[in-house]
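# Secondary and tertiary structure notes
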Amino acid sequence: MLSEKLKKSLRHLPSTPGVYEMLSEDGDTLYVGKAKNLRKRVQTYFRVKAVLSLRIQKMIEKTHDIFWTEVSSEVEALILESNLIKEKRPKFNILLRDDKSYAYFCVSIRDDFPQITLTRHVIKDGSLYFGPKISAGSVRKTIDLLRDIFLLRTTNLEITEISPGKVEVKNPGNIKYPCINFHIKKCSAPCIGNIFKEEYRSRIQKAIKFLKGDTKEVLADLEKQMQESAEKREFEKAARVRDLFRAVESISEKQIVSAPDEFSADVIGTCLKFGHAFFHLFQIREGKVINSETFSLSMNSSEDSEEALFAFLREHSDRAADIPKTLVLSLQIFPKEEQEIWEKFFQEKWHQKIEISLPEKGKRKKLLELAEKNAESYAIRNAASFLKHEEDLDKVLETLQKKLKMKHIPKRIECYDVSHFGGTETVASMAVFVEGEEKNAEYRRFQLKTIAHGEINDFKSMEEVILRRLKHIPRQMPDGWKVQKVNSKKDMEFIVAATSGKNEGANPNSRPNENFIILKNGEKIIGILERKPVGATLAVAQSEEIQISWMDSKLAMTQKSEVGYFLVRKLLEISESKKIFFSGVDDDRHLENLGFIFENECWVFKNLSKKKKYDSLKIIPDLLVIDGGKGQLSSAKKILDEFPFAKKIQLCSLAKQFEEVYITGNSKPLAITADSPEGKLLQRIRDEAHRFAITYNADLHKKSQQKSVLDDLPGIGTKTKKKLLQAFGSISGIRDASDEKLLEIVSEKVLREIKKGL
């Protein structure tokens, strides 16, 4: 119910541009917004049929009154809104709440002998600033590099040049100068007049060019110094300069993008994932990327994407140290009708004309797509930390358990995705999360074998990958079965009767636990294993007609006779079956680790603890997530049902279009919303499986593109193939080459294969 005060305010709202504040009962500001028409905009929140996000619904419930301020234009409204949000930090506005203090390069160009330092705040003091940078460490490393190259001062002395070569140092305090950097030849010592002001400022200008992305002049100077030092046989100095040269080269290589037309712009790519908005910023000056950073902020639903971008732009207007001429933004998120308003807003803030570019094609569009790709990559790479900040992972897994109707918490989650290139290079991937965290070492990829070249069949592909994965899981002993040492005279008497004297070791007077291990179902002996050096195995029926079958373990592990295979399979499926074969058990110290394994098309009974290498494929997952809809889910379910442990595994699918979650036996999607913590967790593992599959598919496609007929010829390896192609240019060139030329690279035997094959 709306309060009387609120109803009265809604009736008196003017139809003019302005800023409105939603107020709580205590008078606190809950939300600040701007409007071209205050009456129309505010009343949309209170319409009966209004479709509002959960965040806005909660805000409306707490709103007791509205306060507004009329302004003369939309630009003024935007500026006032920005100032009020910054001042009041309203609870329901999307805000940059990461509390980070970003790092900047500060060049004190107002001084006679400027310094380059790291700062956390941009102040209008006449200095030059470059940034923002997320990593203060990278800023410090760059400053150290510039000091080493240009021998810049590090001490905070007030140095004024009185005349060339003569300086005055004001308020030195306890600082002793020149400092040790001068003595170890890392500073030009302007504090004692060791360098003229013009020469020092010339070095500073080169350093500024470096910070703007122009490293050519620096590299040229260093190369010249290196050559001069080498000519003078000053090899230690030459080595130091060489190291600096390589460091600058390394930084230059990070300039991965060349922008069109040498323009200056801030390109802002946006990605919405995991309940966050991620913004990747390329700062381009004179056609070179001088800064590349990613920022994030929390959202409440995908409906907030536009407001999230506006929040970032408001912060960017305050944070940007180096003002661009153009802002490149995505038309998908930024509304075109707001373009002129924001251009005027930035012009007011930055005191220069700013263009907002919303490219639909061309080079700027490609730059924007690259920024968006970087934002998405950052989101996926750091997804776990964003989820942890919002809600404890244990609680997320508990919620997921309830919504998926599982008996146990899904500690191990596996997700599968299929990828192909137009029906070729069909592959699948398995991503693994344990207790909500990705386990990259346990990821697996599959090159599918049942899919023909050019065939596109996602259902058949999913069936194959699920079958191949589940085959690795050992079949455990049936319920009620246990393995133990012979520990009673009664057990020994049974063994003697069973072997009918065929085994000399089966003597009722021998020590009960010396030679045998027995398999019991309850208290009934159903199998006997004799521990012999030769590894012989003995199987005994569980009926009154005792049947004996001897089988050497080595034979069992190699030949896998059809008789052995069917007898064992029947015993697992039919309780009145007669025999079971044991194999490969030569150590009874860890009886609890003994179990059945389906190995080389035959069931064997062995010590599982003897496996030397940890294999995650042998672990039964709690939850299998299928990337796709109901069709892929049904394909996976059909395969899973073939296995005895199927009831221990829950199966669900995640459809990409609306991020809907399905389970078998339920035609409607579950109540797991895309912006819920459990929904974000499923999206994270799906995105990981998708990334892993796409990468593998791209690798295979690249290799297939590089393949030639030479790969099928005997005796030609990678190196020989490379030499032939370098020498003759192409396959036709090799085919037309003379035998004499070919014999310079290959042997006569390989020559014959080439002639035969080409």
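Above this note sits the structure.
Okay, so let's go over this structure. All figures in this text were calculated on a predicted structure; none of them were measured in a lab. (Residues numbered from 1 in each chain as written. Predicted model: local features only at pLDDT ≥ 70, side-chain atom pairs only at ≥ 80, totals over all residues. Heavy atoms only, no water.)

### Examining the overall build of the protein chain
Helices and strands together make up the secondary structure of the protein chain, namely 24 helices and 27 strands. For the protein chain, the proportion of its 758 residues judged to be buried stands at 48%. Sequence separation of at least 24 residues holds for 62% of the intrachain contacts in the protein chain that already meet a minimum separation of 6. As displayed, the protein chain has an accessible area near 40300 Å², and 49% of this comes from carbon and sulfur atoms. (Helix = DSSP H or I, 4+ residues; strand = E, 2+ residues; numbered from the N terminus. Buried < 20%, exposed > 50% of the residue type's maximum accessible area, 1.4 Å probe, protein only. Contact = heavy atoms within 4.5 Å. Areas by Shrake-Rupley, 256 points an atom, 1.4 Å probe, with all protein chains shown as cover.)

### A few points about the pattern of salt bridges
Under the defined criterion, the tally for this structure stands at 21 salt bridges. Its salt-bridge partner being Glu4, residue Lys7 comes within 3.8 Å of it at the nearest N-O pair. Pair noted here: Lys7 and Glu4 are both in helix H1 (residues 4-11), with a separation of three residues, about one helical turn. Residue classification places Lys7 among the partly exposed residues on the basis of a relative accessible area of 29%. Taking relative accessible area as the criterion, Glu4 reaches 58% and is therefore assigned exposed. A salt bridge links Lys637 to Asp641; the shortest N-O distance between them is 3.1 Å. For Lys637, a relative accessible area of 29% corresponds to the partly exposed category. Given a relative accessible area of 46%, Asp641 falls into the partly exposed group. The structure contains a network of salt bridges with shared partners spanning Arg412, Glu414, Glu442 and Arg469. (Salt bridge = Lys/Arg side-chain N within 4 Å of Asp/Glu carboxyl O.)

### Comments concerning the sheet that holds strand S13 (residues 355-357)
If you trace the five strands from one edge of the open sheet to the other, you get S11-S10-S9-S12-S13, paired in mixed fashion. Across the chains shown, the open sheet's two edge strands, defined by having one partner strand only, are strand S11 (288-298) and S13. Each strand of the sheet is rotated relative to its neighbour by a mean of 20°, with strand direction disregarded. As defined by bridge partners, strand S9 (residues 265-273) adjoins strand S12 (residues 326-328) across three bridges and the pair is classed as parallel. Across the sheet, the residue bridging to Val267 is Val328, located in S12. Here helix H12 (residues 363-381) sits on the sheet in contact with S9, strand S10 (276-285), S11, S12 and S13, set at roughly 45° to S9. (Pairing = 2+ DSSP bridges. Axes fitted to C-alpha atoms, helices over the stretch in contact; angles between N-to-C directions.)

### Description of unusual backbone geometry
Phi at Ala189 is positive, roughly 55°, even though this residue is not glycine. Tracing the chain through its elements places Ala189 in the loop between helix H6 (180-183) and helix H7 (197-211). Judged by relative accessible area, which is 1%, Ala189 ranks as buried. For Lys405, which is not glycine, the phi torsion reads 60° and is therefore positive.

### Quick notes on the side chain of Ser357
On the secondary structure map, Ser357 appears in strand S13. A polar contact is formed between the side chain of Ser357 and the side chain of Arg364, at a distance of 3.4 Å. Dropping the residues within four chain positions of it, Ser357 is found in contact with Thr326, Leu327, Val328, Leu329 and Arg364. (Polar contact = N/O pair within 3.5 Å; in protein donor to acceptor, adjacent residues only side chain to side chain.)

### Concerning the sheet that holds strand S1 (residues 18-23)
Strand order in the open sheet formed by three strands is S2-S1-S3, and the pairing between neighbours is antiparallel. Either end of the sheet is taken by a strand with one partner, and the two such strands are strand S2 (29-35) and strand S3 (65-70). Averaged over all pairs of adjacent strands, the angle between their axes in this sheet comes to 20°, without regard to strand direction. The pairing of S1 with S3 spans six bridges and is classified as antiparallel.

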